[in-house]
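So you can see what is in the structure, the chains are spelled out below.
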Amino acid sequence: MNFQVLRNSFIVGSLGVSFTGFIALFTPYQQFSQFLISSGLGSLGASNLAIVSSQKISNKKRNKLLAEIDSLRTETNSFASMLADKHKLLVSADEEIEKQHQDISNLLALSTQLETELKATKELLNDTQSINFETAVTTLRESLETAQSQINSLIPYLVKKFPDVRNNCTELLNQFNHDCKQLSAQIGVISDNSSLSNEDLIAACIAIQHEIILKGSSIKAKLYKAACDHLQKQLYNVIPITEHEEKLTKLREYFLGNIKAIQAEFGQVADGVISAYKQDFSEVVNDGLAQSQELETLQNQILSLNGKLQDLSKPLQFVGTSESARVGNSIINYYSSKLGITLDAIDFSSTSEGYKLLFHLSRNNRFIPCDQLNDGNNPDKIKELSGSLNSPKFTQSERGNYVSLEIELRKMEKKSATIEDIRRLIEPSNKFGEIVSRYHQNKPTLRVMTRTGGGKGIAVKNLLHHYINHWEGWELWLSDPQHGSFEDYWNCPKIAKSPTQAANILDTFIEEFNDRKENQSFNPDIPVMGIFDETDKTFDKKQKAGISQIWTEIRHRKMKLILIGQSSEVGKNGWTWDEMNNCGLMFIGDAIGTAIKHADDMGWSSEMKNKIPSIYAKVSEFFNSQNADILVKNHYRLALLVDGMKYDFVEIPTALEGGLTNNKSWLVSSPWQSKAIKEGQNIACVHCGSVNIKKNGKSGDKQRYSCNSCSKSFSV
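Residues numbered from 1 in each chain as written. Predicted model: local features only at pLDDT ≥ 70, side-chain atom pairs only at ≥ 80, totals over all residues. Heavy atoms only, no water.

Participant: Please provide a residue-by-residue account of the sheet that holds strand 7 (residues 528-532), values included.
Facilitator: Ordered by their spatial adjacency, eight strands build an open sheet running 11-10-9-5-8-7-6-12, and the pairing between neighbours is mixed. Pairing within the sheet leaves two strands with one partner each, and these edge strands are strand 11 (646-652) and strand 12 (666-668). Across the sheet, the mean angle from the axis of one strand to that of its neighbour is 20 degrees, orientation sign disregarded. Contacts from helix 12 (residues 432-442) reach strand 5 (445-449), strand 7, strand 8 (559-565), strand 9 (584-588), strand 10 (637-643) and strand 11, with the element oriented near 145 degrees to strand 11. (Pairing = 2+ DSSP bridges. Helix = DSSP H or I, 4+ residues; strand = E, 2+ residues; numbered from the N terminus. Axes fitted to C-alpha atoms, helices over the stretch in contact; angles between N-to-C directions. Contact = heavy atoms within 4.5 Å.)

The structure is reproduced here in structure tokens:
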């Protein structure tokens, strides 16, 4: 019997009567309130005592039943006793089910009695104005939670005791959970509907409480029935004791009848085996003596081969008695004995500072990088063995699996580089435009970077000179927000001469790209190149984001960009070094050193990280020494061009004197001016490029025009 459900039922009933009495205090039926409250509380106490007593009796019976179950478990050694135990267990389960059915009947009767009492109470509360919805809903929810808790604790017990009923229990649990969700929803409807009359509220509470009790009792009955069905199936599968004994008797007679025949056959087989064994044993002994002699000979051969193998596994040594061979062999022995690395000698050769040792690594069972050879204090140990002035380090060959080691025994005077030496490391200035143009053809956006006064303007002016004389039909939009400054060496037409004009021209450039992309441009066949000086300082992050969205796709729209700025500001002004890989890069002077610091950020190869710093150091040292006595405009300047894994060093030509003269392409002072130039005029509509325009007054010091083709106005 589930005493908790019974206790909850009495509590609900007692609280219902007491609550009715409490409500009656505020109604014309005050004379019944004390009686109802007392009755409810008395009923609560009496029911609790009765339930406690009943629970004690039930616990005694339960303990007795558990003791019987334990006894049954110990008596399962024999088949007959197991059958009797299962029969008793089945009978006990049937009695338990009967008790459960009786409890359910009692609960249903109690539920009917409570329903009758509550109906009578409803008649007394017809005129009640208010009722505590919260208490009623809380009571129903607690009753539902109690029922769920009982079922959830019963199912694991049955599953553990009778594993075969797991599927039935799962189905019943799912069904019960579904019923509980529906009951919870019904309780929620009552909670949300505070306008219910007292009669409707009480009726709803009684109905839901009745459903909770009915569902809980029903699911318990089904669970116990599943357990009984399981025991019944086990009973059907048990063989009766008499049948079992008959089968054992037949088996015993069968084996006794055949044991003598088996013994006789075994004796014959054993005699044959013994005689054959005696004959074979003498042959085996003779063969064993011969094989032992052969084995001894093979063992001697193996020892000899092991000695030869050990000699062959030793690292190959340098031949000779020279200092180079002695030091090389000492290094080989050190790495072999201390680090387990095989260095095979290849050759040694003299150098201007000492000598060079070559070693092979192919006989190691794994790849040995130079970092491992140079790890820890290994260079210091080599210095100690060789007497070298430096701490020698291994370097990897690019053409094979061998390493070299430079031993420095003397210092050589540093030879001053000549201009011819430098020319062999970099491309000459007369190829500057050609080489930069090749990078700009591959990537539509060229990023030019160096410090202020580092020669950006000189480099780009030389580049524009190459473009207007070699590129066909391009319109070049030069934006110089620092127009008129002390360092303004452009001396050529400009399309923007202030930060505001520069921002407007950038917007025009982006709009033209979008128009071409949507096939709405008036001039889709005119190639346009935007050259924006002081890019980092002039444009904000939003404008830079607009540039980064188009700087690769413009290649498909006959458009290019040159962005002039400072490499030190890449990370400070809205760019990232990784983004720079979308552009062709030109680092000038000191900016090359900044690029070397960010080699990993740009994904340079190991070859680039080794060669670029070496060339830059040599060339910059020579250029700096030469520039001391040269006018600034004639200074030697070095540019590094990078496009992914491709790079070139190129000398920048000296500063161009005078202006730039339009030839095959045009530097313009307003958009689409090239169309006007082709027709012998000076100005074209900045919106559509038409030359069919007329003057339309002035705006300040600027002449305004009106376009007869697109009907738009503009100022120049």
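Participant: Run through the sheet that holds strand 13 (residues 693-699), naming residues and quoting values.
Facilitator: Two pairing modes exist for strands in a sheet, parallel and antiparallel, and in both the strands are linked by backbone hydrogen bonds. Taken together, the three strands give an open sheet; going across it, the order is 13-14-15, and neighbouring strands pair in antiparallel fashion. Strands with a single pairing partner mark the edges of an open sheet, and in this sheet they are strand 13 and strand 15 (713-715). Sheet twist, expressed as the mean angle between neighbouring strand axes with direction ignored, is 30 degrees. For strand 13 and strand 14 (residues 702-707), the ladder comprises five bridges, and the chain directions are antiparallel. In the strand pairing of strand 14, isoleucine 693 is matched with cysteine 707.

Participant: Tell me about the pattern of salt bridges, and please be specific about residues and values.
Facilitator: Evaluated as defined, the whole model comprises 15 salt bridges. Between glutamate 323 and arginine 326 there is a salt bridge whose closest N-O contact spans 2.6 Å. Taken together, the positions of glutamate 323 and arginine 326, both in helix 8 (residues 323-339) and three residues apart, correspond to about one turn of that helix. A residue is classified by how much of its surface remains accessible, and glutamate 323, at 43% relative accessible area, is partly exposed. Across the salt bridge formed by aspartate 344 and arginine 363, the nearest N and O atoms sit 2.9 Å from each other. Remark: arginine 363 occurs in the loop between strand 2 (354-360) and helix 9 (370-373) and aspartate 344 occurs in strand 1 (residues 344-350); sequence separation between them is 19 residues. Classification of arginine 363 as partly exposed rests on a relative accessible area of 37%. (Salt bridge = Lys/Arg side-chain N within 4 Å of Asp/Glu carboxyl O. Buried < 20%, exposed > 50% of the residue type's maximum accessible area, 1.4 Å probe, protein only.)

Participant: A description of the state of the cysteines should follow, citing residues and the corresponding values.
Facilitator: This structure, assessed with the given rule, holds zero disulfides. With no disulfide partner, cysteine 688 has as its closest neighbouring cysteine sulfur the one in cysteine 707, 3.6 Å distant. Classification of cysteine 688 as buried rests on a relative accessible area of 8%. (Disulfide = S-S within 2.5 Å.)

Participant: Give me the lowdown on a nonpolar patch on the surface, citing residues and values where you can.
Facilitator: A contiguous nonpolar patch, built from Phe22, Leu25 and Phe26 and spanning about 320 Å² of accessible area, is present on the exposed surface. On the secondary structure map, phenylalanine 26 appears in the loop between helix 1 (3-24) and helix 2 (33-74). (Patch = residues over 30% accessible without salt bridge, like charges linked within 9 Å, V, L, I, M, F, W, Y side chains within 5 Å. Areas by Shrake-Rupley, 256 points an atom, 1.4 Å probe, with all protein chains shown as cover.)

Participant: An account of the pairing of strand 7 is requested, with residue identities and associated values reported.
Facilitator: In terms of burial, strand 7 is largely enclosed, as five of its five residues are buried. Neither face of strand 7 is exposed, since Val528, Gly530 and Phe532 on one face and Met529 and Ile531 on the opposite face are all buried. Bridge count for strand 6 (residues 475-479) against strand 7 is five bridges, and the pairing is parallel. Bridging across to strand 7, glutamate 475 finds its partner in valine 528. Taken together, strand 6, helix 14 (residues 499-517) and strand 7 form a β-α-β motif whose crossover is right-handed. Examined bridge by bridge, strand 7 and strand 8 share five bridges and lie parallel to one another. (Right-handed = clockwise from strand over helix to strand, strands pointing away.)

Participant: Could you give an account of the environment of proline 379, with specific residues and numbers?
Facilitator: Here proline 379 shows up in helix 10 (residues 378-386). In this structure, the C-alpha to C-alpha distance between proline 379 and lysine 393, residues 14 residues apart in sequence, is 5.9 Å. In contact with proline 379, other than residues within four places in its own chain, are Asn374, Ser391, Pro392 and Lys393.

Participant: Please provide a residue-by-residue account of the nonpolar core, values included.
Facilitator: General note: in soluble globular proteins, nonpolar side chains tend to be found buried as a group. Phe587, Trp604, Leu640 and Phe649 are the most contacted members of the largest nonpolar core, which totals 50 residues. Among the elements that make up this core, the one with the highest residue count is helix 18 (residues 606-627) (seven residues). In this structure, Cys169, Leu172, Phe176 and Ile208 belong to the second largest nonpolar core, which totals 31 residues. (Core = buried A, V, L, I, M, F, W, Y, C linked by side-chain atoms within 4.5 Å.)

Participant: Any chance you could break down the packing of aromatic side chains for me, citing the residues and the numbers?
Facilitator: What characterises a pair of aromatic rings is the spacing of the ring centres plus the angle enclosed by the ring planes. Under the defined criterion, the tally for this structure stands at 16 aromatic pairs. The interplanar angle of 75 degrees and the centroid separation of 5.6 Å between the aromatic rings of tryptophan 477 and tryptophan 672 together place this pair among those described as edge-to-face. Note that tryptophan 477 is positioned in strand 6 and tryptophan 672 in the loop between strand 12 and helix 19 (673-678), a separation of 195 residues in sequence. Judged by relative accessible area, tryptophan 477 falls into the buried class, the value being 0%. Clustering of aromatic rings is evident, with ring pairs tying together Phe318, Tyr334, Tyr335, Phe348, Phe359 and Phe394. Taking the ring centre of tyrosine 439 as reference, the NZ or CZ of lysine 646 above it sits at 4.9 Å. (Phe/Tyr/Trp six-rings, centres within 6.5 Å; stacked < 30°, edge-to-face > 60°. Lys NZ or Arg CZ within 6 Å of the ring centre and 35° of its normal.)

Participant: Talk me through the side chain of serine 690; I want residue IDs and the actual numbers.
Facilitator: With respect to the helices and strands, serine 690 occurs in the loop between helix 19 and strand 13. A relative accessible area of 14% means that serine 690 is categorised as buried. When neighbours within four sequence positions are excluded, serine 690 is seen to be in contact with Ala684, Cys685, Cys707 and Ser709.

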